[in-house]
2 protein chains.
Amino acid sequence: MTTARRSDATRAAILEAARERFASDGYDRATIRAIARDAGIDPSMVMRYYGNKEGLFAAASEIEIGLPELGSLPAQHIGAVLVTHFLERWERDDVLTGLLRVGVTNTAGAERMQAIFAQQLGPVTRGVCPDPADAPRRAALVASQILGMALTRYVLRIPPAVEMSPEEIVAWLGPTVQRYLTAEAP
Amino acid sequence: MTTARRSDATRAAILEAARERFASDGYDRATIRAIARDAGIDPSMVMRYYGNKEGLFAAASEIEIGLPELGSLPAQHIGAVLVTHFLERWERDDVLTGLLRVGVTNTAGAERMQAIFAQQLGPVTRGVCPDPADAPRRAALVASQILGMALTRYVLRIPPAVEMSPEEIVAWLGPTVQRYLTAEAP
DNA sequence: TACAGTTGCCAACAAGCGTTGACCAACACT
DNA sequence: AGTGTTGGTCAACGCTTGTTGGCAACTGTA
């Protein structure tokens, strides 16, 4: 393993500042200078440690959704569990919001978003849906509803979406996700 | 009424180029210079006719969703009709995609997106849902699913979402929207 | 023909951007 | 004590951006 370096604190500070800036400003408006100012260091350090802006974004958007094991759960609750989990994940920090923001204008961001959902939501879907052949389609449907809620609630901030309680959202979206996963294809 | 000017063609060309650029590149990357180049004129003309970049965006993002009259329709088909209509609207041109892209990174864009849905989706919702008091919430839920599909299909371009046929999407999303509009609150 | 208004191009501006390389201070090791 | 490595600052580069003002050409009117 790589031994701990003296600069690890700085590296972490840069990464944290970068996450916040990317999340609130998007890729273009999140300038290296602003990120460095937030982290309390010189812009050139960012370049030294992460190569260039793209490298910084790649490092800042590394993420684990950490979906729970669904195999052991009662099949009829999967929808609610999934929505609850994503909602919690989204409220905890704003990396996902940032990723969503960047994914919309930046090709690298969009690809990363695709990869995350393919690798982390895909397997779950494959395990629970009736016909494995249309698992990708079902995963995309689930993604459309979950990302759509994240979009209206955390990015566009449409007032009624912001005001809803997590429980309310789960109650509404849970059955939708459940249907996308387990209902027979129309 | 304002009389026709000789520069109307140029104005229109600028607007069209702006719509395309905003749609494909987002607010920041859509530079006035690039828009002017597409329109075949000098960047300074853009400033003369639209004041500044914000003014140009405001003019380029003026939009009518043109929802159909739903009052006369059988209540149980509203969901499918709505999804069909939005899908068609989204496929027809890319102004909405552009608006979505800009709304994610730009405050003015987000506000415009909010306004569009409040003014054009709100009334429809109010007419069909059981209790007018939670009409805004229901509208937000509908928006979350429709915008989510637009996001995954037209912006992030998640492959399975792109490959689905319009009929398939309507078949999956229609019941969801229907439930958000007319089912009793959970 | 003279003149005012419109349409357009050109050149430049100040500011901000990502990025680079020279340089200094603190540390680690022998 | 001396030397190479690491962590960090500073000043500058080349470039692009939104924006401005001056100037030429055209159009319509009297």
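Please refer to the structure higher up on the page.
Just so you know, the residues in each chain are numbered from 1, in the order the chain's sequence is written. To label them, take the chains in the order written and letter them from A, then take the ligands in the order written and number them from 1. Side-chain atom pairs in this predicted model are given and counted only at pLDDT of 80 or more, local residue features only at pLDDT of at least 70, and totals for whole chains, interfaces and linings cover all residues. The basis for every side-chain value is the complete set of non-hydrogen atoms in the structure, without hydrogens or water.

Caption draft 1: Up close: the protein's contact with DNA strand C. Neighbouring residues of DNA strand C: 18 residues in total, closest A:Thr31, A:Arg33, B:Thr10, B:Asp42 and B:Arg48. If a single non-hydrogen atom of a residue is within 4 Å of a molecule or strand, that residue counts as near it. When atoms of DNA strand C within 4 Å of the protein are split into backbone and base, the sugar-phosphate part holds 49%. In the model, a phosphate oxygen of DNA strand C is placed 2.8 Å from a nitrogen or oxygen of the B:Thr10 side chain. Here a polar contact means two N or O atoms within 3.5 Å. Within protein one must be a hydrogen donor candidate and the other an acceptor candidate, and residues neighboring in sequence count only if both atoms are side-chain atoms. Residue B:Asp42 places a main-chain N or O atom 2.8 Å away from a phosphate oxygen belonging to DNA strand C. It is helix H3 (residues 43–50) of chain B that contributes the most residues to the surface near DNA strand C, four residues altogether. Polar here means any residue other than Ala, Val, Leu, Ile, Met, Phe, Trp, Tyr, Cys and Pro, which are nonpolar, and Asp, Glu, Lys and Arg, which are charged; Gly is therefore polar. The residue makeup of the surface near DNA strand C, split by class, is five nonpolar, six polar and seven charged. Secondary structure counts use DSSP, requiring at least four H or I residues in a row for a helix and at least two E residues in a row for a strand, with both numbered from the N terminus.

Caption draft 2: Main features of the protein's contact with DNA strand D. The full set close to DNA strand D counts 19 residues, and A:Ser7, A:Thr10, A:Arg48, B:Arg33 and B:Lys53 are the nearest of them. Counted by atom, the contact set of DNA strand D within 4 Å of the protein is 53% sugar and phosphate. Contact distances for DNA strand D include 3.0 Å between a phosphate oxygen and a backbone N or O atom of A:Asp42. Contact between DNA strand D and A:Tyr49: a phosphate oxygen at 3.4 Å from a side-chain N or O atom of the residue. Among the elements of the structure, helix H3 (43–50) of chain A together with helix H2 (32–39) and H3 of chain B are those that each provide at least two residues to the surface near DNA strand D. The leading source of residues in the surface near DNA strand D is H3(A), at four residues.

Caption draft 3: Quick peek at the environment of A:Thr176. Along the chain, A:Thr176 turns up in helix H10 (residues 166–182). Residues A:Thr176 and A:Val142, spaced 34 residues apart in sequence, show a C-alpha to C-alpha distance of 8.2 Å. Any two residues whose heavy atoms approach within 4.5 Å at even a single point are treated as in contact. Once residues lying within four places of it in the same chain are set aside, the contact partners of A:Thr176 are A:Gln145, B:Gln145, B:Thr176, B:Arg179 and B:Tyr180.

Caption draft 4: Inspection of the pattern of salt bridges at higher detail. Residue and element names in this part refer to chain A. Just to be clear on terms, a salt bridge is a Lys or Arg side-chain nitrogen sitting within 4 Å of an Asp or Glu carboxyl oxygen. Enumeration according to the criterion identifies 15 salt bridges over all chains in this entry. Put simply, Asp38 and Arg21 hold a salt bridge, and the shortest N to O gap is 2.8 Å. Residue Asp38 is found in helix H2 (residues 32–39), and its partner Arg21 is found in helix H1 (residues 8–29); the two are separated by 17 residues along the sequence. Here Asp38 falls in the partly exposed class, since its relative accessible area comes to 41%. Arg138 is the partner of Asp134 in a salt bridge, and the nearest nitrogen-oxygen pair spans 3.2 Å. Assigned by exposure class, Asp134 and Arg138 land together as buried. Here the residues in one salt-bridge network are Arg21, Asp25 and Asp38, joined through shared partners. The cut-offs for exposure are 20% and 50% of the maximum accessible area for each residue type, with area from a 1.4 Å probe on protein chains only; residues under the lower value are buried, those over the upper are exposed, and the others partly exposed.

Caption draft 5: Layout of H2(A). Those residues of H2(A) lying buried are A:Ile32, A:Ala34, A:Ile35, A:Ala36 and A:Ala39. Elements that come into contact with the buried residues of H2(A) comprise H1, H3 and helix H4 (53–60) of chain A.

Caption draft 6: Geometry of unusual backbone geometry. Of note, A:Arg157 is a non-glycine position whose phi angle comes to about 55 degrees, a positive value. One can find A:Arg157 in the loop between helix H8 (135–155) and helix H9 (159–163).

Caption draft 7: Examining the relation of the copies chain B and chain A more closely. For the match of chain B to chain A, the screw axis carries a shift of 0.0 Å, the RMSD comes to 0.2 Å, and the turn is 180 degrees. Between the two chains, the operation in question is that of a two-fold axis. In terms of C-alpha distance to the rotation axis, chain B has B:Gly148 as its closest residue, with the C-alpha 1.7 Å off the axis. Residue by residue, 98% of the interface of chain B is reproduced at the interface of chain A, so both copies engage with the same surface. C-alpha atoms of residues with pLDDT of at least 70 in both copies form the basis for the least-squares superposition of the copies.

What is shown is where atoms sit, not what they do.
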